[in-house]
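# Architecture at a glance
Next come the chains, spelled out residue by residue.
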Amino acid sequence: MDFFSYQDNTLFAEDVSLAQIAAEHGTPTYVYSRKTLERHWYAFDNALSAHPHLICFAVKANSNIGVLSVLAKLGSGFDIVSGGELARVLAAGGDPGKVVFSGVAKTEDEIRFALEQEILCFNVESFAELDRIQKVAAELNVQAPISLRINPDVDANTHPYISTGLKANKFGIEHEKAVETYQYAKTLPNLTIKGMDCHIGSQLTETAPFVDALDRLLSLVDELASLDIHIKHLDVGGGLGVTYKDEVAPHPNDYASAIASRMAQRPELTLIMEPGRAIAANAGVLLTKVEFVKQNAEKNFAIIDAAMNDLLRPALYSAWQDIVPVLPRLNTPKVTYDVVGPVCETGDFLGKDRDLAIQSDDILAVKSAGAYGFVMSSNYNTRTRAAEILVDGEQVHVVRKREVLADLWANESTV
Ligand code: LLP
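Since this is a predicted model, take the numbers as computed values, not measurements.

### Thoughts on the overall build of the protein chain
- Counting its regular elements, the protein chain contains twelve helices and 21 strands.
- Here the C-alpha radius of gyration of the protein chain, 23 Å, is about what a compact globule of 415 residues would show, namely 22 Å.
- By its C-alpha atoms, the protein chain is 70 × 60 × 40 Å across when sized along the principal axes.
- The 415 residues of the protein chain split such that 48% are buried.

So, in structure tokens, the structure goes:
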């Protein structure tokens, strides 16, 4: 559930009219709802309340420091994949002691920074990475907490680009090599084995693949215990899907009850989850203005001021996100449009075959845009990136100003 709703035929974010935000701050603009972020975070935290646990928001889904600060105030942990994301968590007031560091190619500098900040754990993705962390930890004369990301080889039935737990993926350590990798890690003097983790994919709409992955991990935990390697936390990654169109995504409670009986037998294991999309996606919309409506022999086009550089998901994954008018025209017949942006690419669309009653200058909201939206945006076609706004009740916080053109070439020079 989210806090975007129509009041008097106007789309609101909490208590603020999106028409007013568009008029005052321009478009394209991302708008996030604090209440929705909090509600979704608590849905996870409450679902796992029966067991020792930590919710680590996947920063890659939305790394705006305003958004991160909302979650940090709830006591959230964070899943990061770069030194940059760690710096953002710190800037947002997040606790580095609740940070897990994933990613296949952590650099020495990133490892050093994370060790200095005393993060909770490195989610290690390869044999070679163990050596690299050992080297840096030895230089600093500290112990590095580590977990191994195990690739459980389960099919999460999701889009091939966002499925990560199969043997064919670059992520994690093969299940078959897990024991020897842990045994090797144990020989490295500056590493402390803390956990085991996995992440099998994103936008999952069933709980069965999570349960399969958990079973595979738990049997490894037991095998390791018999070898005197004791795992203290199990990090099951992110991946819970959301409703973009008509998908029926499991509630965090469904997920928690699917794994409850297994975890109840393991009170000594802290459970970590890394949800990104399920917390942020439906907590954000992208506001955009209709520039022109245009008809050619075969199609009608709604040309808007947002483009693939602002929201890449439709172009990259053929993702479907709802597009709705902020001020619906009640007595105008709907026409079927391809909703396209100004970028010079045929793939530049935010929606295809959408029935809308619209005219130039109307404001549209692209829904479910709070995750993997702004973070994947670019300056392609020398377009300034959108502003980001966080609504909190009646309050409007500009959490990222719209870029100005001079920002775009500030680091360039003529020759
Ligand atoms: N943990 C790890 C190690 C991950 O790789 C990811 C996402 C997450 C957690 C969070 O997963 P979530 O709960 O958000 O599903 N850009 C794509 C999604 C890529 C997801 C990559 N990894 C999209 O727009 O659909």
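### Considering the packing of helix α2 (residues 34–47) against helix α9 (residues 252–264)
- Between α2 and α9, the shortest axis-to-axis distance is 8 Å and the interhelical angle comes to 20°. On the basis of the axis angle, α2 is roughly parallel to α9. Every pair of crossing elements has a handedness; the one defined by α2 and α9 is right-handed. Contacts between α2 and α9 pair Ala43, Phe44 and Ala47 from the former with Pro252, Asn253, Tyr255 and Ala256 from the latter.
- When grouped by side-chain class, the residues that make up the contact of α2 with α9 number six nonpolar, one polar and no charged.

### Side note on the environment of alanine 264
- Note on placement: alanine 264 falls in helix α9.
- Sequence spacing of alanine 264 and arginine 329 is 65 residues, and the spatial spacing of their C-alpha atoms is 53 Å.

### What about the site of the ligand?
- Looking at the ligand, there are 22 residues lining it, with Ser202, Gly238, Gly276, Arg277 and Tyr372 nearest.
- Among the secondary structure elements, those contributing two or more residues to the shell around the ligand are α10 (277–280) and α11 (313–317).
- In terms of residue class, the shell around the ligand is built from nine nonpolar, nine polar and four charged.
- A domain split of the shell around the ligand shows at least three residues from each of domain 1 (4–32 + 281–408) and domain 2 (34–279).

### So, the UniProt feature "modified residue: N6-(pyridoxal phosphate)lysine" (unreviewed entry) in the protein chain
- Sequence positions flagged by UniProt for "modified residue: N6-(pyridoxal phosphate)lysine" (unreviewed entry) are, in local numbering, Lys60.
- For lysine 60, the residues in contact, after removing those within four places along its chain, are Val81, Gly276 and Val375.

### Remarks on the nonpolar core
- Among the nonpolar cores identified, the biggest contains 122 residues, and Leu18, Val31 and Ile133 are the most heavily contacted of them.
- Examining the composition of this core, we find that six residues originate from one element, helix α8 (residues 208–226), more than from any other.
- In this structure, valine 31 is in contact with Ala13, Leu18, Ile21, Gly284, Val285, Leu287, Ile389 and Val391, ignoring residues within four places of it in sequence.

Reading the values: rules and limits
- Residues numbered from 1 in each chain as written.
- Predicted model: local features only at pLDDT ≥ 70, side-chain atom pairs only at ≥ 80, totals over all residues.
- Helix = DSSP H or I, 4+ residues; strand = E, 2+ residues; numbered from the N terminus.
- Rg over C-alpha atoms; globule rule 2.2 N^0.38 Å.
- Buried ≥ 20, exposed ≤ 12 C-beta atoms within 10 Å, placed from the backbone.
- Axes fitted to C-alpha atoms, helices over the stretch in contact; angles between N-to-C directions.
- Parallel < 35°, antiparallel > 145°, perpendicular 65-115°, else oblique.
- Left-handed = near helix turned anticlockwise from the far one by under 90°.
- Contact = placed C-beta atoms within 7 Å.
- Nonpolar A, V, L, I, M, F, W, Y, C, P; charged D, E, K, R; others polar.
- Near = placed C-beta within 6 Å.
- Domains from an automatic or database assignment.
- UniProt positions renumbered as here; feature names shortened; annotations may be inferred.
- Core = buried A, V, L, I, M, F, W, Y, C linked by C-beta atoms within 7 Å.

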